[in-house]
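So you can see what is in the structure, the chains are spelled out below.
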Amino acid sequence: MKKLLLLSAVTCSLLSTAQINLRATRFGVTAGANYSRVRNAHNPSGARFAFQGGALALIPLGGANQFFLQPEVTYYGAGESGRNKDSKGMKGYDAVYANNYISVPVYFKGYFSEAESEFYGLIGPRFNFLLDQKVTNESREIYRLDQQGKAASFNFAVGLGIGYSYKRQLEVALKYDLGLSNTYPTLDESRLDPNSSKKKSEQVLSVTLSYIFN
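Residues numbered from 1 in each chain as written. Predicted model: local features only at pLDDT ≥ 70, side-chain atom pairs only at ≥ 80, totals over all residues. Heavy atoms only, no water.

Scanning the entire structure with this criterion turns up 6 salt bridges. For Lys109, the salt bridge is made with Glu171, and the minimal N-O distance between the two is 2.5 Å. A residue pair is termed long-range when its members are at least 10 positions apart, and Lys109 in strand S4 (residues 96-111) and Glu171 in strand S7 (residues 170-179) qualify at 62 residues. When sorted by exposure, Lys109 lands in the same class as Glu171, which is buried. A network of salt bridges, in which partner residues are shared, links Glu141, Arg144 and Asp146. (Salt bridge = Lys/Arg side-chain N within 4 Å of Asp/Glu carboxyl O. Helix = DSSP H or I, 4+ residues; strand = E, 2+ residues; numbered from the N terminus. Buried < 20%, exposed > 50% of the residue type's maximum accessible area, 1.4 Å probe, protein only.)

Here is the structure:
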């Protein structure tokens, strides 16, 4: 965690001193599949599969065709389910705790070289604004929205990713977002589960496909 925060701070420092060329900005669209979980929240706890989709901007940093700032605005599905393999047949196995966001990641993007087709890396903060939340088939009454199951209206994550770009236009990426804020700030049933008093970290692994216009 400390290493991620340090890396994020270094990235922000580099961006503050970089030469940003807004006139050469390119725009694109992006979509992908999300595999998400929330640590220390619901019981039973399993993955939720959802999707993301939206728009991006590619802003050059400096004179080389290698470093960029890539902000995005996307619809972003996260949360979790109750589908833990060890809990099949138990109450809550079919539960879905769906959190859907308008998400704004701001990535520092570096291609490994100035080649037209090349691998690249991503790192940066992600700002999630809760759009809607749905809870179904919950295992405990406390998980309901009108109890303690309401998700925070805003959460913050640090994102990392690696991808491949074909001719700087069609790009595929594998990304991991680690939630640093508390997804369910009021959810605490420590008398039954000691972990429920801990911070609920939302984590998302995703595969995205992007197309950047010339």
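Here the narrative resumes.
Counting residues in hydrophobic clusters, the biggest one holds 15 residues, and the most contacted among them are Tyr97, Tyr184 and Leu187. Breaking this core down by element, the ones donating at least two residues are strand S3 (67-81), S4 and strand S5 (118-136). Residues Leu58, Tyr107, Tyr111 and Leu122 belong to the second largest nonpolar core, which totals 9 residues. (Core = buried A, V, L, I, M, F, W, Y, C linked by side-chain atoms within 4.5 Å.)

Here the focus is the pairing of S5. The pairing of S4 with S5 spans 14 bridges and is classified as antiparallel. Paired with Asn99 across the strands is Gln133, a residue of S5. Between S4 and S5, which pair antiparallel one after the other, the connecting turn spans 6 residues. Two strands pair when backbone bridges link them, and S5 and strand S6 (residues 154-166) are joined in this way by 12 bridges, in the antiparallel orientation. Across the sheet, the residue bridging to Leu122 is Gly161, located in S6. (Pairing = 2+ DSSP bridges.)

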